[in-house]
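An overview of the molecular structure
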Amino acid sequence: MAGKITFSIIKPDAYQAGHVGAIIKMIEEAGFRIVAAKLTRLTPERAGQFYAVHKERPFYRDLCNYMSSGPILAMILEKENAVADFRKLIGATDPAKAEPGTIRKLFAKSIEANAIHGSDSDENAVIESAFFFSALEQF
Ligand code: IDP
Ligand code: MG
């Protein structure tokens, strides 16, 4: 599967604002296939585990509170070159710097509440997928 999947989360701000349908439409039109999806919610502790790589950053506590503030949609997405193509589709972390037409440019509220997550490597795509889905759930 390496190279063919990425992991995504539609974050609490985008879910709350009712953008799930529009975002999924963009994802499918860009050629990704949803191979697993789960509407769920994180506790601050579990959000902290997911973002453990950022635990020394000043925004870490706020990020954990934000990511646990409401429902999220976790998804495994399949496509050739999935990780890089999906990062291109979502745009820069800060929506002010994101390219026009990207998901974050269209739907993000701020650098923190930026609508969507996308894995940054093939290795992390597998780790993050396993954080939310058991092997049996994936197909
Ligand atoms: P990414 O989601 O584009 O990969 P990362 O640097 O991995 O960006 O940061 C993870 C998440 O942490 C971001 O998506 C955003 O929600 C939040 N974040 C990143 N940088 C900042 C910041 O400077 N202030 C507040 N929140 C931030
Ligand atoms: Mg990241």
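Here goes a summary of the coordinates provided. (Residues numbered from 1 in each chain as written. Chains lettered and ligands numbered in written order. Predicted model: local features only at pLDDT ≥ 70, side-chain atom pairs only at ≥ 80, totals over all residues. Heavy atoms only, no water.)

Some thoughts on the overall build of the protein chain
Note the threshold: Working definition: helices are DSSP H or I runs of at least four residues, strands are E runs of at least two. Numbering for both runs from the N terminus. Whether two residues touch is decided by their heavy atoms; if any such pair falls within 4.5 Å, the residues are in contact.
The helix and strand tally for the protein chain stands at 7 helices and 4 strands. What you see in the protein chain, going N to C, is helices and strands ordered as β-α-α-β-α-α-β-α-α-β-α. C-alpha extents for the protein chain along the principal axes are approximately 35 × 35 × 25 Å. Long-range pairs, those at least 24 residues apart, make up 78% of the contacts in the protein chain between residues at least 6 apart in sequence.

Considerations on the pattern of salt bridges
Where we set the bar: Just to be clear on terms, a salt bridge is a Lys or Arg side-chain nitrogen sitting within 4 Å of an Asp or Glu carboxyl oxygen. Burial classes: relative accessible area under 20% of the type maximum marks a residue as buried, over 50% as exposed, and values in between as partly exposed (1.4 Å probe, protein chains only).
For the coordinates displayed, the defined rule picks out 5 salt bridges. A salt bridge links Glu-80 to Lys-4; the nearest nitrogen and oxygen atoms lie 3.9 Å apart. Taken together, the residues Glu-80 in the loop between β3 (72-78) and α5 (82-90) and Lys-4 in the segment before β1 (5-10) connect sequence positions 76 residues apart. Residue Glu-80 is classed as exposed on the basis of its relative accessible area, which comes to 54%. Of the charged contacts, one joins Asp-85 and Lys-79 as a salt bridge, the two residues approaching to 2.6 Å between their closest N and O atoms.

Observations regarding the site of ligand 1
For clarity, the threshold we go by: Here a residue is near a molecule or strand as soon as one of its heavy atoms is found within 4 Å of it. Pairs of N or O atoms are called polar contacts if they sit within 3.5 Å, as long as, within protein, a hydrogen donor faces a hydrogen acceptor (for residues adjacent in sequence, only side-chain-to-side-chain pairs). For the area figures, the Shrake-Rupley method with a 1.4 Å probe applies, and any residue is considered shielded solely by the protein chains shown. In this analysis the probe radius is 1.4 Å and the grid spacing 1 Å, with only protein atoms considered; a cavity is a set of points the probe fits into but cannot get out of, a pocket is an open set with protein on both sides within 12 Å along at least five of seven lines, and lining residues have an atom within 4 Å of a point. Those molecules having more than half of their atoms within 2 Å of a cavity or pocket grid point set are described as sitting in that cavity or pocket.
As a matter of local geometry, ligand 1 sits amid Lys-11, Tyr-51, His-54, Phe-59, Leu-63, Arg-87, Thr-93, Arg-104, Ile-111, Glu-112 and Asn-114. At a separation of 3.0 Å, an oxygen atom of ligand 1 approaches a polar side-chain atom of Arg-104. Isolated, ligand 1 exposes 530 Å² of accessible area, and the fraction of that covered by the protein chains is 80%. With respect to the detected pockets, ligand 1 is housed in the largest pocket.

Looking at the layout of surface pockets
Here is the rule we go by: Grid points are joined across faces, edges and corners, and a volume is the space filled by probe spheres set on the points. Classes in brief: Ala, Val, Leu, Ile, Met, Phe, Trp, Tyr, Cys and Pro nonpolar; Asp, Glu, Lys and Arg charged; the others, Gly included, polar.
Taken as a whole, the largest pocket holds about 640 Å³ of empty space. For the largest pocket, the lining is made up of 25 residues, of which Tyr-51, Val-53, His-54, Leu-63 and His-117 are closest to its centre. Elements with a contribution of two residues or more to the lining of the largest pocket: α3 (44-50), β4 (116-118) and α7 (122-132). The element that contributes the greatest number of residues to the lining of the largest pocket is α7, accounting for 4 residues. Of the residues assigned to the lining of the largest pocket, the class counts are 10 nonpolar, 8 polar and 7 charged.

Side note on the side chain of Arg-104
Our working definition: When charges are counted, Lys and Arg contribute as positive and Asp and Glu as negative, whereas His and the chain ends are disregarded.
Mapped onto the fold, Arg-104 is located in helix α6 (residues 103-107). Notably, Arg-104 is buried but unbridged: the nearest opposite-charge side chain belongs to Asp-13, and the N-O separation is 8.7 Å. A distance of 2.7 Å separates a polar side-chain atom of Arg-104 from the backbone oxygen of Ile-116. Among all residues touching Arg-104, those that are not within four sequence positions of it are Lys-11, Ile-90, Gly-91, Ala-92, Thr-93, Pro-95, Ala-98, Asn-114, Ile-116 and His-117.

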